[in-house]
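Examining the three-dimensional arrangement
Residue-level listing of the chains:
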Number of protein chains: 2
Amino acid sequence: MRIVKEAEERRNEILDAADQLFGQKGFDGTSTNDILEKVGIARGTLYYHFKSKEDIMDALIERYNVLLIGAAQEAAADKSISVYERIMRVVMALNISGNSSHEIMEHIHKPQNALMHQKIQKVIIGGVPPILADLIREGIEQGLFHTPFPFECMEMVVIYLNTIFDQDMVDMTDEGRLSRLQAFAFNIERLLGVENGSLMEMMQMFGSGEGDSQV
Amino acid sequence: MRIVKEAEERRNEILDAADQLFGQKGFDGTSTNDILEKVGIARGTLYYHFKSKEDIMDALIERYNVLLIGAAQEAAADKSISVYERIMRVVMALNISGNSSHEIMEHIHKPQNALMHQKIQKVIIGGVPPILADLIREGIEQGLFHTPFPFECMEMVVIYLNTIFDQDMVDMTDEGRLSRLQAFAFNIERLLGVENGSLMEMMQMFGSGEGDSQV
DNA sequence: TTTTACCGACAGGCAGTCGGTCTATAACAA
DNA sequence: TTGTTATAGACCGACTGCCTGTCGGTAAAA
């Protein structure tokens, strides 16, 4: 039985299936046969739409990156709200795990998907710090922050968050998480040259939404 | 022709071969047959000494980690020299690429070896910050630094270095590298609560050895 | 009739297994 | 001391099953 669909529709079916399977079993643990069966197509069809298995992963990452960076930019662009809140929203945009449509984040952070993780990290590290740096510069003009290196500060913050929420946080007690968060806030305050405690206040303003922000 | 050797000798032969091959072609790009041929043994022999291909990688990483953390601890323990210099030496210990025996670092930082990279990073992030944090505490007692969170500061520094020297530095101009280094030094100064410029001086004391420190 | 999407048999290569073989050493007998 | 046998550790290579990617051909749509 042969079912014909538009190329883009098929492509997305394949990507959706791969998304789920990679999440469950990892990239290496998922065979192209798994994807074939899940979508209900033949081998040739898969390779008609994608040139290799890795090509599927790249497309998946691309789809995800557009979402991620787009959300971050959108959050940063909304000039109707304060710089503080925009920063928080950008950071929270990195955590789409709460989002209904995609649970990529859940499974990205496991050793099975090392390559996928690395590729996404590259985009985050390349894309997010510039957005945050612009916000920091705006904050500097308003006298909120004081640093000659807004970009490098944000780069450090993003990299740290991105790494730390990966490995350590997973197997940590709540108290451990909290004290680490306090230390983190303190360090950011120093980096941004703001007086002690003002950032901690800000973070509490937005509730505990931060505790589980996974980048 | 059958050549019999002691188990550990064979194991090391296999590891040496795998080390080179993984470096040249990456983990995925290297087949067990490649290793077999290079060592000059049969399939069964390989699986007599290692239970899987990944097991070989793990042994390789273990061998490397012992070296790395050992060197870092040794550098930190030498109480005859100043805290400043010991810190520098620990950081430089992470850069064994200059070392004659091992060039692992060169090839670890490429996408082919994502999993290997991730595993080593985990050890570095787990092992190095505690060592540095102790040094910072010593420095605090001497009035050199001022921070309530020495561990978290060092964690941030190590993670940042480890990540940044990976991806970005590779395709950067010398000027770009320098300005990034200045920003980095400035940020560390803020984290450690020392007055502006003292760290930069320290780094220059030890020459340009830092510019190419790859973690 | 041409283009687009699809099919499935096939080739080549891969990791890991398994029954069997060799050899160094030890233990024992002459 | 010398010769013999037993044993365990090291080694071998054919084989299995799976996996990715290819290719000639086919059906449906335009």
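Summarised in this report is the structure supplied together with it. Source: prediction; values computed, not measured. (Residues numbered from 1 in each chain as written. Chains lettered and ligands numbered in written order. Predicted model: local features only at pLDDT ≥ 70, side-chain atom pairs only at ≥ 80, totals over all residues. Heavy atoms only, no water.)

Here we come to the packing of helix 5 (residues 83-93) of chain B against helix 7 (residues 114-141) of chain B. Residue and element names in this part refer to chain B. Here helix 5 crosses helix 7 at 170°, and the two axes come no closer than 10 Å. Between helix 5 and helix 7, the interaxial angle falls into the category roughly antiparallel. Seen from helix 5, the contacting residues are Val83, Arg86, Ile87 and Val90; seen from helix 7, they are Val128, Ile131, Leu132, Leu135, Ile136, Glu138 and Gly139. By residue class, the composition of the contact of helix 5 with helix 7 is 8 nonpolar, 1 polar and 2 charged. (Axes fitted to C-alpha atoms, helices over the stretch in contact; angles between N-to-C directions. Helix = DSSP H or I, 4+ residues; strand = E, 2+ residues; numbered from the N terminus. Parallel < 35°, antiparallel > 145°, perpendicular 65-115°, else oblique. Contact = heavy atoms within 4.5 Å. Nonpolar A, V, L, I, M, F, W, Y, C, P; charged D, E, K, R; others polar.)

Turning our eyes to something else, we now look at helix 1 (residues 7-25) of chain A. All names here are of chain A. Taking 1.5 Å per residue as the helical rise, helix 1 with its 19 residues ought to reach 27 Å, and the 26 Å between its terminal C-alpha atoms agrees with that figure. Burial in helix 1 covers these residues: Arg10, Ile14, Leu15, Ala17, Ala18, Asp19, Leu21, Phe22 and Gly23. Phi turns positive one or two residues past the end of helix 1, at Gly26, with a value near 80°. (Expected span 1.5 Å × (residues − 1). Buried < 20%, exposed > 50% of the residue type's maximum accessible area, 1.4 Å probe, protein only.)

Moving on, we get to the nonpolar core. Within the largest apolar cluster, 111 residues are counted, with the highest numbers of intra-cluster contacts made by Ile35, Ile56 and Val90 of chain A together with Ile35, Ile56 and Val90 of chain B. Filtering out sequence-adjacent residues up to four positions away, Val90 of chain B remains in contact with Ala72, Ala75, Ala76, Val128, Ile131, Leu132 and Leu135 of chain B. (Core = buried A, V, L, I, M, F, W, Y, C linked by side-chain atoms within 4.5 Å.)

This part is about the protein's contact with DNA strand C. Near DNA strand C lie 23 residues; those nearest to it are Arg10, Thr45, Tyr48 and His49 of chain A together with Thr32 of chain B. Counting only the atoms of DNA strand C that lie within 4 Å of the protein, the sugar and phosphate share comes to 56%. One of the side-chain N or O atoms of Arg2 of chain B is found 3.0 Å from a base oxygen in DNA strand C. For DNA strand C, a base oxygen lies 2.6 Å from a polar atom in the side chain of Arg43 of chain B. Elements supplying a minimum of two residues to the surface near DNA strand C: helix 1 and helix 3 (43-49) of chain A together with helix 3 (43-49) of chain B. With 5 residues, helix 3 of chain A is the largest single contributor of residues to the surface near DNA strand C. The residue inventory of the surface near DNA strand C, partitioned by class, reads 8 nonpolar, 8 polar and 7 charged. (Near = heavy atom within 4 Å. Polar contact = N/O pair within 3.5 Å; in protein donor to acceptor, adjacent residues only side chain to side chain.)

A separate point is the protein's contact with DNA strand D. Taken together, 24 residues surround DNA strand D, and among them Thr32 of chain A together with Arg10, Gly44, Tyr48 and His49 of chain B come closest. When atoms of DNA strand D within 4 Å of the protein are sorted by moiety, sugar and phosphate together comprise 60%. The contact in question runs from a phosphate oxygen of DNA strand D to an N or O atom on the side chain of Tyr47 of chain A, over 2.7 Å. A distance of 3.4 Å is found between a phosphate oxygen of DNA strand D and a backbone nitrogen or oxygen belonging to Ile3 of chain B.

All right, on to helix 9 (residues 174-192) of chain A then. Residue and element names in this part refer to chain A. The terminal C-alpha atoms of helix 9, which comprises 19 residues, lie 27 Å apart, in line with the 27 Å expected from a rise of 1.5 Å per residue. Listed as buried for helix 9 are Gly176, Arg180, Leu181, Ala183, Phe184, Ala185, Phe186, Asn187, Ile188, Glu189, Leu191 and Leu192. Where helix 9 ends, the next residue or the one after it, Gly193, has phi of about 65°, a positive value.

After a rotation of 180° and a shift along the axis of 0.0 Å, chain B superposes on chain A with an RMSD of 0.1 Å. The transformation relating the two chain copies, once decomposed into turn and shift, fits a two-fold axis. Of all interface residues in chain B, 100% are interface residues in chain A too; the two copies therefore contact each other through one and the same surface. (Least-squares fit on C-alpha atoms with pLDDT ≥ 70 in both.)

The quantities given are spatial measurements derived from coordinates; they are silent on function.
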